[in-house]
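Coordinates in review
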Amino acid sequence: MNFEQTISEYRQAIERRLDAYMAQERIPASLREAMGYSLLGGGKRLRPVLTLAACDLFNGNRDAALPFACALEMIHTYSLIHDDLPCMDNDDFRRGKPSSHKAFGEATAVLAGDGLLSYAFEILADATLVWQQQISSYLVALQEIARAAGISGMIAGQMADLESEKDACADAERLRYIHARKTGAMLRASLMAGAYVGNPSDAEAAAMARFGGLYGMLFQITDDILDVEGSLISLGKTPGKDKVEGKLTYPSCYGMETSKEMARETAEEATEILKGFGERSWFLIALTERTLARKS
Ligand code: GRG
């Protein structure tokens, strides 16, 4: 199997399962429409792909990993809907179409995000109950996700980001704090959740956590670079906003050339960790290379 075949297989499994979750008739029709508008048919599915890839790295049960993968995509999608609201980043476009509040109004967008967040944890609880034979490692996976999404993870990062606006080169320490939590935590948790479904040794889990931290940083540096160099078409969201809003980013703090060099060094360090897993890590190594070179 090559990279394209493997990622397409992962994505098909994710799309099928997300469709099934959203087909539940107990979700009221208007809420289902707004949740599905943002969740289905858009996005790179990076977080759930990381979960399935990490699960495969440890020969875990892919069926057991799928609910974790989908829950992570739901939490990620909720964060994008809420981040786009006028009271947050006020963005009109997301995933190549009008953002949720533009399509449905603010109140429905808030509820669509809330619905996705709470549904994600319902799915995680259900999965943990179904796969009882490994309940303790599934609970650790659930705990990783809750922490990454919550008060010391993404929400803490978003809060610090709000407080840093108009302070484009506050300091490098603050930049790392924000990005490790706002974006990095969920990417790291996506890998950790998949790894825990595969029941790793303590040393393997620690190596995966180190890789996850570096991968999150790589993703964020390249995201900041793309905000300067990307286009609305390639990104599916409005580029150039960081500068207009005076946001603290890698290019604002270090300049573009140094940011690109940091991205290369981070990718190299991340790849070295993966090599420790042997042949099985080929997919994650290829994904890291593509993240470094990404255009969307
Ligand atoms: C409002 C609760 C709350 C949290 C907001 C994630 C986040 C925190 C804000 C998103 C703003 C943003 C654009 C951050 C940069 C990194 C990022 C999360 C980019 C979007 O992720 P991709 O590129 O998007 O994986 P797709 O659409 O492909 O899933």
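Residues numbered from 1 in each chain as written. Predicted model: local features only at pLDDT ≥ 70, side-chain atom pairs only at ≥ 80, totals over all residues. Heavy atoms only, no water.

1. As for the nonpolar core
Residues F68, M74, M208, L284 and L287 are the most contacted members of the largest nonpolar core, which totals 77 residues. Top contributing element to this core by residue count: helix α4 (residues 62-84), with twelve residues. Leaving out residues up to four positions away in the same chain, M208 has contacts with A54, L57, F58, L191, M192, A195, F277 and L284. Formed by 13 residues, the second largest nonpolar core is a distinct cluster that contains A160, L218, I221 and Y250. (Core = buried A, V, L, I, M, F, W, Y, C linked by side-chain atoms within 4.5 Å. Buried < 20%, exposed > 50% of the residue type's maximum accessible area, 1.4 Å probe, protein only. Helix = DSSP H or I, 4+ residues; strand = E, 2+ residues; numbered from the N terminus. Contact = heavy atoms within 4.5 Å.)

2. Describing the packing of helix α2 (residues 29-39) against helix α6 (residues 106-130)
Geometry of a packed helix pair, given as the angle between the helix axes and the separation of the axes. Where α2 meets α6, the axes come as close as 9 Å, and the angle between the chain directions of the two elements is 75°. Considered as vectors, α2 and α6 are oriented roughly perpendicular to each other. Touching L31, A34, M35 and L39 of α2 are T108, L111, A112, G115, L116 and Y119, all from α6. Taken together, the residues that form the contact of α2 with α6 break down as eight nonpolar, two polar and no charged. (Axes fitted to C-alpha atoms, helices over the stretch in contact; angles between N-to-C directions. Parallel < 35°, antiparallel > 145°, perpendicular 65-115°, else oblique. Nonpolar A, V, L, I, M, F, W, Y, C, P; charged D, E, K, R; others polar.)

3. With respect to the side chain of S164
Here S164 is to be found in helix α8 (residues 154-164). Polar side-chain contacts of S164 include one of 2.7 Å to the side chain of R174. (Polar contact = N/O pair within 3.5 Å; in protein donor to acceptor, adjacent residues only side chain to side chain.)

4. A closer look at the packing of aromatic side chains
Within the structure shown, the criterion is met by nine aromatic pairs. A ring pair is formed by F68 and Y138, whose centres lie 5.7 Å apart and whose planes are at 75°; its orientation type is edge-to-face. Of the two residues, F68 sits in helix α4 while Y138 sits in helix α7 (residues 135-149), which places them 70 residues apart along the sequence. Y138 carries the same exposure label as F68, and that label is buried. Judged by centre distance (6.0 Å) and plane angle (15°), the ring pair of Y250 and Y254 falls under stacked. Of this pair, Y250 and Y254 both sit in helix α13 (residues 250-254), four residues apart, which is roughly one turn of that helix. In this structure Y254 comes out as partly exposed when scored by relative accessible area, which is 30%. (Phe/Tyr/Trp six-rings, centres within 6.5 Å; stacked < 30°, edge-to-face > 60°.)

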